[in-house]
Structure formats: structure tokens, C-alpha cells
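# Architecture and fold: a report
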Amino acid sequence: MNITTGRRRLGLVSVTAAAALVLAACGGTDDGGNGDATGGSTGGSTGGSSGESVTLNLATMAIETTPNGKVSQWFFDELESRSDGRLTVDVTPPESICKGPEIAECVRDGRADLGVSIPDYTPQLFPTTSIVTVPFLAENQQAVMKALWDVNTSNADAQAVWDNNGIELVGAWPVGRLVMGSKDEVRNINDFGATRWRVTGPYLQRAFQDVGANVVALPAAETYEGVERGVADAVAWTLDGAVDYKLMEQLPYWTDPGVGHYTTFSMWINPDVYAGLPDDLRAIFDEVREEFNNGQGMAQYGDAAAGQCTTMFDSDRIEQFTRWDDAATAEWSDAIGDSLQAEWVTAAEEQGLANAQSYLDEYLAALESSGDDTVDPVIACVDQFQDR
């Protein structure tokens, strides 16, 4: 039987004796999705070729050519491979049904079964993953992804938030280490001057504003034109901004200020859809999800980000890609202090996370104990530029 799942289960309709049973559901999204996955099955169960078949409708804002698109596509490909084609994901075109800021709600109300988006759009739903938006806390991508997964699946207060909000976490991963693109070289906070910076996320915006920077908010898709028209002069982004949003055409100076990771992409599933999966397919989903959060997701990211670096390295539009020295990073970090962590604790509790300070302590401990020493793609890219 072929079953397309959705939250609004209206019943099964028999079509013919040989036809599948169908449950109607719709899904769509914002900026991308597909992307050729790298890597492959690391072993484990397969679903076999018999039994019910399920197609999950996806809403995504991850452009298929970006590392975030590659990360999510690995997950979808593994579901299909390990289930012998019985568990598949329909990757709908970007924003075909749900805009990026609406994707979480689309998953909650059943317009989509799976969603991939940035939780910053709806921070009231995701206080547990918003901790990544506090700058200067995390340097290692895989450590962040694993810490988020471990703490959100072991901390009772975090689990209560997910249950109360009617959405289930599949995985959350950093969108990439923060880099800054500008028309002139920026070596420290004293070079911010009167420059208008396109910055996203309340805590990162505060980090800029607290040292005197001028901040403007622009959606990703409008930033190229915004820089062209002078709405913004510079950007704080990831390598996606330089390459996939083509800002290296306008901004020749790029640098890593040492902020680290500052926000996440997340994948969610509708809880009713997840619970309604046949037992064997749900077991495959769980198996892939564990591997996704424990190394495979970020392995795909690293491979794709290396390609972005090559694009930048080969471009004649980029004058330099550097990193701030430790003293310049420390000057900014010291100016912020622990104030943003304290603000996060207050906001997270207002958004429904009980004992937020305890959650923060567990998250920081999980980061420290990760033991992962993978070189971040941005760090590797800057090293490559230094040898150019």
C-alpha cells in the first residue's frame, strides 16, 4: 500500500484492489531542498520491499546547492535507501506552499509532514535551539549538533517544550560559522564605523549594536538588491551569503571575526505523522535520525562547504578572506560579557522552557565533552586563502 501521510487524516479510500491507499496531505516551502547527497548508508536495518509505503511531504527553505540543502538531502536519501523505497520524501519546490517563516507552523498544522527552516523565524516555539543564537559560545559544528540533540532528548524540561508546542525535532545544525563581507577591510570592532550591517537574529544584532554598529534587517533573498541599493553596506552571514546569494560580486572583503556559530537550520516532523508511521518504517526513521545527529549530517555539510570555498578562492571578485586576531575577537567578546546568556535564560523561560539556566549548563557541558576535533570549513577556507 502507498500511504501519503498528513496530520489531517480523513480516512483511507480504496481505489482499486491493486492500488495503494492514499491519505491526502500537502507540503511545500521556501528556498530549496534537493541537492545530491554525499556519503551513504552506514549500515543498519532496511525496511524490506513489502508492506505499506509512505511519502512524506516536505516544506524547506534550504537552497539545494548550499551545504544546508546537502545536509537535509542526505537524510531523505537514507530513508529511501534503507526502506527499499517504502519511505520517501517529496521535496516540493521552494515556497510552493509555505514561506520560510511559516514552515514550522505548516508542520504543526499538517500542511507539511516535514519541515526544514530557520527556527529564528518563530523563536517562541524553539527556546531550546535558540541558545545557538548567543554569539561566542560555540566553535565546533558537530559539537553543537550533537549537544542540541543529546540535551533535547534527555532534558525533561526541553522535552516538555516540544510536546507542548506540537512539533518534533529531527535535528538542528549550525548554518555555518559567521563571516562578514564588506566593501573595505574590517579588522576589529573599531572598523565598524558608520557601516550599515545586515545582521539576523536578536542576540547577534545586539552583539553588533552594543559595540556601536548600525544594524539593518533584510531577508536573505532581498539582501543582494539591498546592498546594491545602499540599504546595507556589509553583511554578517555564512559562506552561503558570499557564494549562493552572490554577495561576493559586490563585497570583496571577507573575514571571520571569531564569533563562531550563531544560528541553526532545523528539521521537524509532525508528531501525528511520526506516530502514524508503520513500526518498521518508524524504526528506520529513528535509526537515520541518530546517525544524522551524531556525525553524518555535518559530514555532508563539510563536503559542500569545501566546494563553496573553492568558488570563492577561484573568484577574481574577492580581494581577501582573513580572520581577526585573537585580541580583536576578545575585545568584542569582552564587551558583550555574559549579558546575552542572561537575556537568553529570561527569554527562554518566558517562552516555556522551565529551568532554562539548568538547560544552558547542560548544553555547555555537552559542548565541552564532545571530543570532536573536526576542522571547521570556514577555518580551513581562511587557511587556504592565506596561502594564496
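Residues numbered from 1 in each chain as written. Predicted model: local features only at pLDDT ≥ 70, side-chain atom pairs only at ≥ 80, totals over all residues. Heavy atoms only, no water.

## Some details on the packing of aromatic side chains
The relation between two aromatic rings is expressed through the spacing of the ring centres and the mutual angle of the planes. Going through the model one piece at a time under the given rule, you end up with 21 aromatic pairs. Residues W173 and F265 carry aromatic rings whose centres are separated by 6.2 Å and whose planes lie at 15° to one another, so their mutual orientation is stacked. With W173 in strand β5 (residues 168-174) and F265 in strand β11 (residues 264-269), this residue pair connects regions lying 92 residues apart in the sequence. On the basis of relative accessibility, which here comes to 6%, the residue F265 falls in the buried class. Judged by centre distance (5.7 Å) and plane angle (40°), the ring pair of W324 and W332 falls under tilted. Comparing W324 with W332 shows no difference in burial state: the two are buried. An aromatic cluster of three or more residues is present, and its members are W74, F75, F76, W173, F265, Y274, F285 and F292. (Phe/Tyr/Trp six-rings, centres within 6.5 Å; stacked < 30°, edge-to-face > 60°. Helix = DSSP H or I, 4+ residues; strand = E, 2+ residues; numbered from the N terminus. Buried < 20%, exposed > 50% of the residue type's maximum accessible area, 1.4 Å probe, protein only.)

## Side note on the side chain of T66
Mapped onto the secondary structure, T66 falls in the loop between β2 (53-60) and α1 (67-82). Among residues more than four places away in sequence, those in contact with T66 are D240 and D244. (Contact = heavy atoms within 4.5 Å.)

## Focus: the sheet that holds strand β6 (residues 179-182)
As summarised here, the arrangement of the six strands in space is β8-β7-β9-β6-β10-β12, forming an open sheet in which the pairing is mixed. Looking at which strands have only one partner, the edges of the open sheet turn out to be β8 (214-216) and β12 (320-323). Each strand axis lies, on average, 25° off the axis of its neighbour in the sheet, ignoring direction. Where strand β7 (residues 196-198) and β8 come together, three bridges link them in parallel fashion. Looking at β8, one finds that R198 is bridged to V216. Across the sheet, helix α5 (residues 202-209) lies against β6, β7, β8 and β9 (234-237), angled at about 155° from β8, the strand it touches most. Each of β6, β10 (253-256) and β12 touches helix α13 (residues 377-386); the most contacted strand, β12, lies at about 120° to it. (Pairing = 2+ DSSP bridges. Axes fitted to C-alpha atoms, helices over the stretch in contact; angles between N-to-C directions.)

## Considering the state of the cysteines
Inspection of the entire model under this criterion finds two disulfides. A disulfide bridge connects C98 with C106, and the sulfur atoms are separated by 1.9 Å. Taking the sign of the S-S torsion, about -115° here, the bridge from C98 to C106 comes out left-handed. Disulfide pairing places C309 opposite C381 at an S-S distance of 2.1 Å. Across the disulfide from C309 to C381, rotation about the S-S bond amounts to roughly 95°, and the bridge is consequently right-handed. Highlighted residues: C309 in helix α9 (residues 279-314) and C381 in helix α13, separated in sequence by 72 residues. Relative accessible area serves as the criterion here: at 3%, C309 is assigned to the buried category. Classification of C381 as buried rests on a relative accessible area of 1%. (Disulfide = S-S within 2.5 Å.)

## Describing the pattern of salt bridges
Between side chains of opposite charge, a pair can form when the charged atoms approach closely. Scanning the entire structure with this criterion turns up 17 salt bridges. When the shortest N-O distance is used, the salt bridge between D279 and R282 registers 2.8 Å. Of this pair, D279 and R282 both sit in helix α9, separated by three residues, roughly a single helical turn. Note that D286 is salt-bridged to R289, the shortest N-O span being 3.0 Å. Of the two residues, D286 and R289 are both situated in helix α9; the distance of three residues between them amounts to about one turn of the helix. Using a relative accessible area of 6% as the deciding quantity, one classes R289 as buried. Through salt bridges that share partners, E78, R82, E287 and E291 make up one connected network. (Salt bridge = Lys/Arg side-chain N within 4 Å of Asp/Glu carboxyl O.)

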